[in-house]
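Summary of the model geometry
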2 protein chains.
Amino acid sequence: MSRRERLRAETTREITAIALKQLATEGPGGLSLRGIAREMGMTARAIYSYFATRDELVTALIRDVSTSLANALETAVHAVPAGDPGAGLLAWGEALREWALANPEGFRLIYGDAVPGYQPPEDGPADQAARRICGGLNRLVAAACPPAAASADSARAGTADWSPFPPSYVAKVRAEVPDLAPEVAALALRVWGRMHGLVGLEIHGHLRPVYTDPAALYRAELRELVRSLTTPTG
Amino acid sequence: MSRRERLRAETTREITAIALKQLATEGPGGLSLRGIAREMGMTARAIYSYFATRDELVTALIRDVSTSLANALETAVHAVPAGDPGAGLLAWGEALREWALANPEGFRLIYGDAVPGYQPPEDGPADQAARRICGGLNRLVAAACPPAAASADSARAGTADWSPFPPSYVAKVRAEVPDLAPEVAALALRVWGRMHGLVGLEIHGHLRPVYTDPAALYRAELRELVRSLTTPTG
DNA sequence: TGTCAGAAGTACACGGCGTTTCCGATTTAC
DNA sequence: GTAAATCGGAAACGCCGTGTACTTCTGACA
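Residues numbered from 1 in each chain as written. Chains lettered and ligands numbered in written order. Predicted model: local features only at pLDDT ≥ 70, side-chain atom pairs only at ≥ 80, totals over all residues. Heavy atoms only, no water.

1. A few points about the side chain of B:Ser66
Residue placement: B:Ser66 occurs in helix 3 (residues 54-78). Excluding anything up to four places from it in sequence, B:Ser66 contacts B:Ile110, B:Ala126, B:Ala129 and B:Ile133. (Helix = DSSP H or I, 4+ residues; strand = E, 2+ residues; numbered from the N terminus. Contact = heavy atoms within 4.5 Å.)

2. Some remarks on the relation of the copies chain B and chain A
By a simple turn and slide, chain B fits onto chain A: the slide is 0.0 Å along the axis, the RMSD is 0.1 Å, and the turn is 180°. Taken together, the turn and the small shift mark the pair as related by a two-fold rotation axis. Distance from the rotation axis, computed per C-alpha, reaches its smallest value in chain B at B:Gly197: 1.7 Å. (Least-squares fit on C-alpha atoms with pLDDT ≥ 70 in both.)

3. What to know about the pattern of salt bridges
Opposite charge on two side chains makes pairing possible when the charged atoms of those side chains draw close. All names here are of chain A. Applying the stated rule across the entire model yields 23 salt bridges over all chains. Of the charged contacts, one joins Glu 202 and Arg 97 as a salt bridge, the two residues approaching to 2.8 Å between their closest N and O atoms. With Glu 202 in helix 10 (residues 182-203) and Arg 97 in helix 5 (residues 85-102), this residue pair connects regions lying 105 residues apart in the sequence. Comparing Glu 202 with Arg 97 shows no difference in burial state: the two are buried. The salt bridge partner of Arg 194 is Glu 221, with a shortest N-O separation of 2.7 Å. One end of the pair, Arg 194, is in helix 10; the other, Glu 221, is in helix 11 (residues 214-230), with 27 residues separating them in the sequence. As far as burial versus exposure is concerned, Arg 194 and Glu 221 are alike and both buried. The network of salt bridges with common partners includes Arg 97, Glu 202 and Arg 208. (Salt bridge = Lys/Arg side-chain N within 4 Å of Asp/Glu carboxyl O. Buried < 20%, exposed > 50% of the residue type's maximum accessible area, 1.4 Å probe, protein only.)

4. Some remarks on the protein's contact with DNA strand D
In the vicinity of DNA strand D, 22 residues are found, and the nearest of them are A:Arg8, B:Arg3, B:Leu33, B:Arg34 and B:Arg38. At the protein interface, 57% of the atoms of DNA strand D within 4 Å belong to sugar or phosphate. B:Tyr48 has a polar side-chain atom sitting 2.8 Å from a phosphate oxygen of DNA strand D. Measuring from a phosphate oxygen of DNA strand D, one finds a side-chain N or O atom of B:Thr53 at 2.8 Å. Elements with a contribution of two residues or more to the surface near DNA strand D: helix 1 (3-26) and helix 3 (44-47) of chain A together with helix 1 (3-26) and helix 2 (33-40) of chain B. In terms of residue count, the dominant contributor to the surface near DNA strand D is helix 2 of chain B (three residues). (Near = heavy atom within 4 Å. Polar contact = N/O pair within 3.5 Å; in protein donor to acceptor, adjacent residues only side chain to side chain.)

5. Quick word on the protein's contact with DNA strand C
Around DNA strand C lies a shell of 20 residues, among which A:Ser32, A:Leu33, A:Arg34, A:Arg38 and A:Thr53 are the nearest. Contact distances for DNA strand C include 3.4 Å between a base oxygen and a side-chain N or O atom of A:Arg4. The side chain of B:Tyr50 places a nitrogen or oxygen atom 2.9 Å from a phosphate oxygen of DNA strand C. Counting residues per element, the ones that place at least two in the surface near DNA strand C are helix 1, helix 2 (33-40) and helix 3 of chain A together with helix 1 of chain B. Of the residues forming the surface near DNA strand C, the biggest block, three residues, is contributed by helix 2 of chain A. In terms of residue class, the surface near DNA strand C is made up of seven nonpolar, four polar and nine charged. (Nonpolar A, V, L, I, M, F, W, Y, C, P; charged D, E, K, R; others polar.)

6. Observations regarding the interface of chain B and chain A
Taken together, the contact pairs 44 residues of chain B with 45 residues of chain A. Carbon and sulfur atoms supply 60% of the area that chain B and chain A bury against each other, a total of about 4000 Å² over both sides. Scanning the region where chain B abuts chain A turns up two salt bridges. A salt bridge links B:Arg190 to A:Glu221; the nearest nitrogen and oxygen atoms lie 2.7 Å apart. Where chain B meets chain A, there are eight residue pairs in polar contact (both at pLDDT 80 or more). (Buried area = accessible area lost by both parts, 1.4 Å probe.)

7. Overview of helix 1 of chain A
Residues and elements named next belong to chain A. If you check helix 1, its first and last C-alpha atoms are 34 Å apart, about what 24 residues at 1.5 Å a residue would give, namely 34 Å. Listed in full, the buried residues belonging to helix 1 are Thr 11, Ile 15, Thr 16, Ile 18, Ala 19, Gln 22 and Leu 23. On the buried face of helix 1, the contacting elements are helix 2, helix 3, helix 4 (54-78) and helix 6 (104-111). Trailing helix 1 by a residue or two, Gly 27 shows a phi angle of about 85°, which is positive. (Expected span 1.5 Å × (residues − 1).)

8. Re the nonpolar core
A general trend in soluble globular proteins is that nonpolar side chains are found buried together. Residues A:Leu89 and A:Trp92 are the most contacted members of the largest nonpolar core, which totals 145 residues. Once residues lying within four places of it in the same chain are set aside, the contact partners of A:Trp92 are A:Leu73, A:Val77, A:Ile133, A:Leu137, A:Leu140, A:Trp192 and A:Met195. (Core = buried A, V, L, I, M, F, W, Y, C linked by side-chain atoms within 4.5 Å.)

9. With respect to the UniProt feature "domain: HTH tetR-type" (unreviewed entry) in chain A
This chain's UniProt record puts "domain: HTH tetR-type" (unreviewed entry) on residues 9-69 of chain A. Overall, residues 9-69 of chain A shows 75% helix and 0% strand. The separation of its end C-alpha atoms is 22 Å. (UniProt positions renumbered as here; feature names shortened; annotations may be inferred.)

10. Side note on the packing of aromatic side chains
With the rule as written, the count across this model stands at 10 aromatic pairs over all chains. Consider the rings of A:Phe107 and A:Tyr111, whose centres lie 5.1 Å apart with planes at 50°: the pair is tilted. Separated by four residues within a single helix, A:Phe107 and A:Tyr111 lie in helix 6, roughly one turn from each other. The pair A:Phe107 / A:Tyr111 is uniform in exposure class, with both members buried. Three or more aromatic residues joined by ring pairs form one cluster here, namely A:Trp162, A:Phe165, A:Tyr169 and B:Tyr211. (Phe/Tyr/Trp six-rings, centres within 6.5 Å; stacked < 30°, edge-to-face > 60°.)

11. Comments concerning the confidence of the model for chain A
Taken as a whole, chain A shows an average pLDDT of 90; of its residues, 91% reach a score of 70 or greater. By mean pLDDT, the top-scoring element of chain A is helix 5 of chain A (97), and the lowest-scoring one is helix 8 (residues 147-157) of chain A (62). (pLDDT = per-residue confidence, 0-100.)

12. So, the environment of B:Asp127
All names here are of chain B. Among the secondary structure elements, Asp 127 is positioned in helix 6 (residues 127-144). Residue Asp 127 is classed as partly exposed on the basis of its relative accessible area, which comes to 23%. Separated by 61 residues in sequence, Asp 127 and Ser 66 place their C-alpha atoms 8.7 Å apart.

Written out as structure tokens, the structure reads:
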């Protein structure tokens, strides 16, 4: 890597770092190329040497932030004994909320629409990280969920085959978890949604005005979730 | 109401209507006083006779949209026989998703951060509607949930008293549902979160890339939710 | 019916934004 | 040592929300 490339990479990193900081301090929508340039002692034009447009910068930010989330989730799961999938799910869920609370602007960037006019590119920027996240959750749900429970669940839900999944997703998921059953994949999506719900409400400020201890509420929901997954429901 | 007042009210309505339309067509962040004024054939400054600031307009929009959501939910519940709380919950949940799909920009306005620099006033604009929404859900959960189930749930969750609820919320909720138990109120929040999760993921575009039939997924989750509420869990 | 306070609305300005065009300076590569 | 590629600055365009100053019109009251 030549000197020029090194400098370029470093400047790129500095730009994204300042962008994330501005997102965190100024709140969503506080992202501005001019603001970044000002903080770097440059003209706004200079940034266009690194990112062709503001959306491209946002795309890079989303990629970075998603990777950070995926790392946090994997770290949390790995810190738990592998033989206890229920504990793994609990750890995953708690890590999701804790990461979101520690990086609210990141959470909004991925799961809300923090940047006004942004349109993500066709192959989503967070695709690679999203695959890691989904893969990890699929593995956990598959391990935690007795086949009977998933089957009973799928019989009720009518989700016993891969047909509702886009082929690209099926390929990705099966590459990560080869023997995954479609009903478990569908169940994992619902588990994801269940965790996402309370975290999203809390991050967007709709929970604290009505409940002062969101952590307890979330923990209760997680425990109930794991219990319902690991207990055959008949 | 004098002629002047009538004209004023009509212009106010026209402003909010165009604002909502712009939000829907231009996407979040497409809201601009200048754009509204242009469409009305006025100067941007003219709008300041009706809304002192852009945030005030957004506040009015949020109030209108929240009212619309509350209406949709209440209508859906009233269309179901009162004696079947499970069916009421299903209807409520389906109505939530359907309203969100029909008014994605409204959903983002309330539950995401659709408008960049907006800071809601201390007494939230959607407060009145939020009270109706929470009240309705609390009623449904209370009716659907056998006391034993709620108690067992609260024993696990440690939510057997009103202490984690802000006093203002307790007052509002008890005014709507006088004999509500705190464990049911907490459970209702979790139910809310559970519904919100999948809907939020879908509205923000995270579900369709991985599952082509979000309606079925959501229905399965709703059914399982109602089943777990109405079935004592021991 | 005439008058006049106040409301509605315009013209213009300010600073900030993303983005573009043009151009000078610096560094790399042959 | 020179040619090419890259980096970055100055200024401009057309947006945006908002403030000031001024005109026009309306409606209530004498």
